[in-house]
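# Fold and contact review
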Amino acid sequence: MNAERLNRRDFLKAGAVISSFMIVPRHVLGRGYKAPSDMIALGFIGCGRQSGGLRNRFLDTQETRIVAASDVYAVKQEAFVNAANKWYSEKLGQGTYKAAVGMKDFRELLSSKDIDAVVIAAPDHWHAAMAVRAAEAGKDIYCEKPLSLTVKEGRAMVNAARNHNRVFQTGSMQRSAPEFTKAVQLVRSGAIGTVKKVYVNVGGPPKVWDLQGETKPEGLDWDLWMGPNTIERPYNNELAPAMDAKFWPKWRDYVEFGGGGMTDWGAHMFDIAQWGLNMDASGPTELVYSEPGKGLVYKYANGVEVIHRPMEGKQHCHFVGTDGEVFVARGELKTTPEPLKDKTVNAGDAGVYVSTNHYKDFLNAIRTRKPPICDVETGHRTASVCNIGNIAYGLERSLKWDPVKEQFEGDKKANELLGRSMRKEWKV
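Residues numbered from 1 in each chain as written. Predicted model: local features only at pLDDT ≥ 70, side-chain atom pairs only at ≥ 80, totals over all residues. Heavy atoms only, no water.

### A look at the confidence of the model for the protein chain
The predicted model of the protein chain averages 91 in pLDDT, with 90% of residues at 70 or higher. In this model residues 1-9 is a low-confidence stretch, pLDDT under 50, and it forms 20 contacts with partners more than four residues away in sequence or in other chains. A low-confidence stretch, residues 11-32 (pLDDT under 50), is modelled with 40 contacts involving residues beyond four sequence positions or located in other chains. (pLDDT = per-residue confidence, 0-100. Contact = heavy atoms within 4.5 Å.)

Here's what the structure looks like:
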């Protein structure tokens, strides 16, 4: 199989392999494994470091078949495909087994009628272009957080999903973790009284470009990696690291490709703040900027203030109410008074959707055609909170925000930053 491109003949051959996998008897796959006819065929778009964990989580559900994978970096695509096929070989006990195939251009993957849904794990500057085209191709979508690079791109993703009746799960998996679910149940049930403030501790905005050009490795299509961007930058290993790199790619640190710590961890912790405040379909009405390094205050119409503290240290979300407090971080839940954390809250009474597995929740939504726990609108609204915060930081001034119109009030310069120019081929 050519690691960079899947031609029609290869795809037809792959289809025969996939079909053989589909008719394997249930008992061969092991106890508890779904019959092949019950399984959902997935295509992965983006085969970098994040994709490995996602691949394993979806395989662990034993409800999916990974049919294809696409990446502009041949060695990463090949490694992903090999890992998926190794899993199938070990599961089936039949030696070498090829159920997944690779290709460079994700549009070839989208053209396959054998694929039910896609998992998008590409850099943030690609999310909208890929998700919109996936919706148009009739695929259900799991897209990594932060959902979008700009507010306008996020809205385009929502519109595409709705127009084509697609199930869309945002990869904000903290919504399926018990400590965050319990925190939101306590807040939404009124256990801490009326919420007055929410402190969100995550990193700050992205920085300007400061990397030097380096020799591009063989097998990497750098122009396709740049994709929708009209502002071109030279290859640097920090943006697309080699397979043996010990660090996460740093493209999100730069304004051309991401939103810094504000969108990286902000897409998790602002998401919990939005969830706790029951603002999944809305957002703040004002952003108050004071001075560099001092943070940002989001004001909501109901009087609640969400305070961003761009500090080093453990990322968390801290709700403060008239009768108590809830502090939540990964693997940690603390309350004031302390016994509050052990209070039993009826999920229905709190109006909180409960998911115990973010990936199974997506697959179940595909089958039922009901919205998953972090629907595209929800992911878009959280990303918008992060993105408009970055705009306030960049302009170094306070802003009025209309969450219905999704525009700043009386600020032309700020509104110009709600979108970006994109190459004609990739516009949404």
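### Regarding unusual backbone geometry
Of the consecutive residues Lys145 and Pro146, the connecting peptide bond is found in the cis state with omega at -15 degrees. Following the sequence through the fold, Pro146 ends up in the loop between β5 (140-143) and α7 (151-163). Here Thr336 and Pro337 are connected by a cis peptide whose omega angle stands at 0 degrees. Look at Glu406: it is not a glycine, yet its phi comes out positive at around 55 degrees. (Helix = DSSP H or I, 4+ residues; strand = E, 2+ residues; numbered from the N terminus.)

### Some points on the sheet that holds strand β6 (residues 168-170)
Strand order in the open sheet formed by six strands is β3-β2-β1-β4-β5-β6, with parallel pairing between adjacent strands. The open sheet terminates on both sides in strands that have one partner only, identified here as β3 (101-103) and β6. With strand direction ignored, the average angle separating the axes of adjacent strands in the sheet is 20 degrees. Here strand β1 (residues 40-45) pairs with strand β2 (residues 64-70) via six bridges, running parallel. The residue of β2 that forms the bridge with Gly43 is Ala68. (Pairing = 2+ DSSP bridges. Axes fitted to C-alpha atoms, helices over the stretch in contact; angles between N-to-C directions.)

### Here's the deal with the packing of aromatic side chains
Each aromatic ring pair is specified by the distance between its two centres and by the angle formed by the two planes. Counted according to the given criterion, the structure contains 19 aromatic pairs. On the basis of an interplanar angle of 70 degrees and a centroid distance of 5.2 Å, the ring pair of Trp225 and Phe257 is categorised as edge-to-face. You can see Trp225 sitting in helix α9 (residues 222-226) and its partner Phe257 sitting in the loop between α9 and α10 (260-264), a full 32 residues away along the chain. Of the aromatic side chains, those joined through ring pairs into one cluster are Phe44, Phe58, Phe80, Tyr142, Tyr359 and Phe362. (Phe/Tyr/Trp six-rings, centres within 6.5 Å; stacked < 30°, edge-to-face > 60°.)

### Some words on the nonpolar core
Core analysis: the largest hydrophobic core is formed by 51 residues, its most contacted members being Val198, Val200, Phe270, Tyr298 and Cys317. If one sorts the elements of this core by residue count, helix α14 (residues 376-395) sits on top with seven residues. Dropping the residues within four chain positions of it, Phe270 is found in contact with Val200, Val202, Met262, Tyr298, Val306, His308, Thr382, Val385 and Cys386. Among the nonpolar cores identified, the runner-up in size contains 48 residues, and Ala68, Trp126, Ala135 and Phe257 belong to it. (Core = buried A, V, L, I, M, F, W, Y, C linked by side-chain atoms within 4.5 Å. Buried < 20%, exposed > 50% of the residue type's maximum accessible area, 1.4 Å probe, protein only.)

### Overview of the sheet that holds strand β11 (residues 316-321)
A sheet is described by the order of its strands in space; here nine strands give the open sequence β13-β12-β11-β7-β10-β9-β8-β14-β15, paired in mixed fashion. With partners counted over all chains shown, the strands left at the sheet margins are β13 (332-336) and β15 (407-408), one partner each. Seen against the sheet, helix α8 (residues 178-188) touches β7 (195-202), β11, β12 (325-329) and β13 and runs at an angle of roughly 160 degrees to β12.

### Observations regarding the packing of α8 against helix α11 (residues 266-276)
Between α8 and α11, the least distance of the axes is 9 Å, while the angle of their chain directions is 35 degrees. Where α8 crosses over α11, the handedness of that crossing is right-handed. Along the contact surface, α8 presents Phe180, Thr181, Val184, Val187 and Arg188, while α11 presents Met269, Ile272, Trp275 and Gly276. Residue classes in the contact of α8 with α11 are distributed as six nonpolar, two polar and one charged. (Left-handed = near helix turned anticlockwise from the far one by under 90°. Nonpolar A, V, L, I, M, F, W, Y, C, P; charged D, E, K, R; others polar.)

### A closer look at α11
Summarising burial for α11: eleven of the eleven residues are buried, a large majority. Those residues of α11 not exposed but buried are Gly266, Ala267, His268, Met269, Phe270, Asp271, Ile272, Ala273, Gln274, Trp275 and Gly276. Two residues or fewer past α11, Asn278 is found with a positive phi of approximately 60 degrees.

### Some remarks on the packing of helix α3 (residues 49-60) against helix α13 (residues 358-368)
Running from amino to carboxyl end, α3 crosses α13 at an angle of 60 degrees, the nearest separation of the two axes being 9 Å. With respect to the hand of their crossing, α3 and α13 are arranged in right-handed fashion. Side by side, α3 and α13 meet where Leu54, Arg57 and Phe58 of the first sit next to Tyr359, Phe362 and Leu363 of the second. Its residues assigned to classes, the contact of α3 with α13 comprises five nonpolar, no polar and one charged.

### Focus on the environment of Thr322
Following the sequence through the fold, Thr322 ends up in the loop between β11 and β12. Separated by 127 residues in sequence, Thr322 and Val195 place their C-alpha atoms 6.5 Å apart.

### Observations concerning the pairing of strand β10 (residues 305-310)
The sheet contact formed by β7 and β10 spans six bridges and is parallel. Its bridge partner lying in β10, Tyr199 is registered against Ile307. Bridge count between strand β9 (residues 296-299) and β10: four bridges; the pairing is antiparallel. Residue pairing in the sheet places Leu296 in a bridge with His308 of β10. Between the antiparallel neighbours β9 and β10 lie five residues, among them Gly303 with a positive phi of about 95 degrees.

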